[in-house]
Amino acid sequence: VQLQASGGGLVQAGGSLRLSCAASGRTFSSYNMGWFRQAPGKGREFVAAIRWKGGSTNYADSVKGRFTISRDNAKNTVYLQMNMLKLEDTAVYYCAADSSGPRRILSTMSMGQSYNYWGQGTLVTVSS
């Protein structure tokens, strides 16, 4: 599967952005999906994940209550709605796909090694 992330840009602190990740292929609905980010000079960190059926989600503590992950399997797209953005949310955001589907335990979806496909990333810059 190929992943194409979009929607990044420059936004003021307190503002909102919605990232999209479009996936190729006919089996998107069987993939668990995740968002990760990498800030300048830092390692990659987990942001949010959603199971293949879309019923269960997992979030990093740093974004709980502000970010929402969702998916539209008919459009082969996963979204990340980001509200109340903070300066520390500045990063390149990557979407990722895990072909394990129902075999993957939700708690392990925060681990980068759970994913076997990665998109190219989209830059989010939050300014003061």
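Residues numbered from 1 in each chain as written. Predicted model: local features only at pLDDT ≥ 70, side-chain atom pairs only at ≥ 80, totals over all residues. Heavy atoms only, no water.

Q: Could you give an account of the pattern of salt bridges, with specific residues and numbers?
A: For the structure on display, the rule yields five salt bridges. Residue Lys64 is joined to Asp61 by a salt bridge in which the shortest nitrogen-to-oxygen separation is 3.2 Å. Of the charged contacts in the structure, one is a salt bridge between Arg104 and Asp98, with a shortest N-O distance of 3.0 Å. With a relative accessible area of 2%, Asp98 lands in the buried category. (Salt bridge = Lys/Arg side-chain N within 4 Å of Asp/Glu carboxyl O. Buried < 20%, exposed > 50% of the residue type's maximum accessible area, 1.4 Å probe, protein only.)

Q: Describe in detail unusual backbone geometry, supporting the description with residues and values.
A: A positive phi angle, near 55°, is found at Asn76, a position not held by glycine. Structurally, Asn76 is set in the loop between β7 (67-72) and β8 (77-82). According to the relative accessible area criterion, Asn76 is buried, its value standing at 18%. One non-glycine residue, Met84, adopts positive backbone phi at about 50°. Assignment of secondary structure puts Met84 in the loop between β8 and β9 (91-98). In this structure Met84 comes out as partly exposed when scored by relative accessible area, which is 48%. (Helix = DSSP H or I, 4+ residues; strand = E, 2+ residues; numbered from the N terminus.)

Q: Before we move on, can you summarise the layout of surface pockets with the specific residues and values?
A: There is about 170 Å³ of room inside the largest pocket. Lining the largest pocket are Arg37, Gln38, Ala39, Lys42, Gly43, Glu45, Ser62, Arg66, Lys86, Glu88, Asp89 and Ala91. (1 Å grid on protein atoms, 1.4 Å probe; cavity = no way out; pocket = protein on both sides within 12 Å on 5 of 7 lines; lining within 4 Å. Points joined across faces, edges and corners; volume = space filled by probe spheres on them.)

Q: Give a description of the environment of Ser30 that names residues and reports values.
A: Residue placement: Ser30 occurs in the loop between β3 (17-23) and β4 (32-38). Of the residues examined, Ser30 reaches a relative accessible area of 29% and is grouped as partly exposed. Placed 61 residues apart in sequence, Ser30 and Ala91 show a C-alpha to C-alpha distance of 28 Å. Contacts of Ser30, omitting those with residues within four sequence positions, involve Trp52, Asp98, Ser99 and Gly101. Of note is the side chain of Ser30, whose polar atom sits 2.7 Å from the backbone oxygen of Thr27. (Contact = heavy atoms within 4.5 Å. Polar contact = N/O pair within 3.5 Å; in protein donor to acceptor, adjacent residues only side chain to side chain.)

Q: Describe in detail the pairing of strand β5 (residues 44-50), supporting the description with residues and values.
A: Of all seven residues making up β5, five are buried, and the element is well covered by its neighbours. Across six bridges, the pairing between β4 and β5 is antiparallel. Along β5, the bridge assignment pairs Gln38 with Arg44. Here β4 folds back onto β5, and the loop between the two strands holds five residues, one of which, Gly41, carries a positive phi near 75°. (Pairing = 2+ DSSP bridges.)

Q: Please provide a residue-by-residue account of the pairing of β9, values included.
A: Burial runs high along β9: six of the eight residues are buried. One ladder, built from seven bridges, connects β4 with β9; its direction is antiparallel. Residue pairing across strands places Trp35 opposite Cys95, the latter belonging to β9. Pairing geometry for β9 and strand β11 (residues 122-127), over three bridges, is antiparallel. Within the sheet, the bridge partner assigned to Val92 lies in β11 and is Leu123. Of the pairings in the sheet, the one linking β9 to strand β10 (residues 117-118) comprises two bridges and is antiparallel in character. Each bridged residue has a counterpart across the sheet, and for Ala96 the counterpart in β10 is Trp118.

Functional significance is not addressed by these values, which are geometric in nature.
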